Amino acid sequence: MWGANSSSLTPKFFILNGIPGLEAAHIWISLPFCFMYIIAVLGNCGLIYLISHEEALHRPMYYFLALLSFTDVTLCTTTVPNMLCIFWFNLKEIDFNACLAQMFFVHMLTGMESGVLMLMALDRYVAICYPLRYSTILTNPVIAKAGLATFLRGVLLVIPFTFLTKRLPYCRGNFIPHTYCDHMSVAKVSCGNFKINAIYGLMVALLIGMFDICCISLSYTMILRAVVSLSSADARHKAFSTCTSHICAIVITYVPAFFTFFTHRFGGHSIPHHIHIIVANLYLLLPPTMNPIVYGVKTKQIREGVIKFLLGDKAVLTQDN
């Protein structure tokens, strides 16, 4: 099971134990997770297809939404199938390098999701505060560069996780009390000093999360000031309504993220470990599941696009009348 790797011991594989203390309920826990995953895949793939084929949705806001959907469906696909194999078939082994790869993609994609939400907030800021210059500021090249920068930021900041984790000696064993390979869950299995991992993980969380949250907060502060200054109540309502779906997506994403982050570091002894694991899974699965539903319900253009796709052009004309 063990192989020499320079001065450290590296296991050939890890054992993912699932949710500690709830092994007997794994089958029942897997059912809502499986249902949420199916909704996430169908909903996000449906949004991507709709945005790519519907002419009315070829706008910056929806391009960012398509990028968010792609990130979401990729993120939950990196963890949920493997988790269901643990729950259903007791297939708990994961190759050491595959574990590092999963860890990289999980953290890179969560960082990218946060970055896309920031870009969507900036999009709403430009649309509401500079409506006449919206199409000239957010051109297709600008959108492509912003998406690429968000992707590269995630890759460059997260890739050191793999090297920092691979250098550690694993002489205590190879059992990970989790459903997927999380950075600190893997590092804590080591018998070496993983203080650098913890410090760097905190730095990345602050660099990505706090920076994005500050940009989102600043954007919506400026949006609020612009909307309040509008003289027409209808104009204020319309401006607010364009932001409601995005605000819901921010809440759905950041609330479980903050819970996972702070309880993992400051409330580890007061909250049962299985609660940490369940919330960590919801943190990866809840946004991909809910975002297509929220945007489908709250966004008129998407609702009309879905109805047009399902029933044809006449259905949209009938709805408008």
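Everything numeric here is computed off the predicted structure, so don't read it as measured data.

1. Some words on the UniProt feature "transmembrane region" (unreviewed entry) in the protein chain
Working step 1: What UniProt calls "transmembrane region" (unreviewed entry) maps, in this numbering, to residues 27–50, 62–89, 101–122, 142–164, 198–227, 239–262 and 274–294.
Working step 2: Between the end C-alpha atoms of residues 27–50 the distance is 34 Å, and the span holds 100% helix and 0% strand.
Working step 3: A helix fraction of 100% and a strand fraction of 0% characterise residues 274–294, whose end C-alpha atoms lie 28 Å from each other.

2. Side note on the state of the cysteines
Between two cysteines, a covalent bond joining their sulfur atoms is known as a disulfide.
Working step 1: Evaluated as defined, the whole model comprises 2 disulfides.
Working step 2: Across the disulfide from Cys99 sits Cys181; the S-S distance is 2.0 Å. One disulfide, between Cys99 and Cys181, carries an S-S torsion of -120° and so falls in the left-handed class. Taken together, the residues Cys99 in helix α4 (residues 96–129) and Cys181 in the loop between β5 (175–176) and α7 (183–187) connect sequence positions 82 residues apart.
Working step 3: The exposure class assigned to Cys99 is buried, which follows from its relative accessible area of 0%.
Working step 4: In this structure Cys181 comes out as buried when scored by relative accessible area, which is 0%.
Working step 5: The residue that forms a disulfide with Cys171 is Cys191, at a sulfur-sulfur distance of 1.8 Å.

3. Some details on the environment of Tyr180
Working step 1: Tracing the backbone shows Tyr180 in the loop between β5 and α7.
Working step 2: For the pair Tyr180 and Gln102, spaced 78 residues apart in sequence, the C-alpha separation works out to 7.7 Å.
Working step 3: When neighbours within four sequence positions are excluded, Tyr180 is seen to be in contact with Leu16, Thr79, Gln102, Val106, Ala280, Asn281 and Leu284.

4. Considerations on the packing of helix α10 (residues 273–298) against helix α11 (residues 300–311)
Working step 1: Two numbers describe how α10 lies on α11: the axes approach to 5 Å, and their chain directions differ by 95°. Overall, the two elements α10 and α11 adopt an arrangement that is roughly perpendicular. From α10, Tyr295, Gly296, Val297 and Lys298 reach across to α11, where they touch Lys300, Ile302 and Arg303.
Working step 2: Residues of the contact of α10 with α11, tallied by class, amount to 3 nonpolar, 1 polar and 3 charged.

What counts, and where the lines are drawn
Residues numbered from 1 in each chain as written. Predicted model: local features only at pLDDT ≥ 70, side-chain atom pairs only at ≥ 80, totals over all residues. Heavy atoms only, no water. UniProt positions renumbered as here; feature names shortened; annotations may be inferred. Helix = DSSP H or I, 4+ residues; strand = E, 2+ residues; numbered from the N terminus. Disulfide = S-S within 2.5 Å. Buried < 20%, exposed > 50% of the residue type's maximum accessible area, 1.4 Å probe, protein only. Contact = heavy atoms within 4.5 Å. Axes fitted to C-alpha atoms, helices over the stretch in contact; angles between N-to-C directions. Parallel < 35°, antiparallel > 145°, perpendicular 65-115°, else oblique. Nonpolar A, V, L, I, M, F, W, Y, C, P; charged D, E, K, R; others polar.

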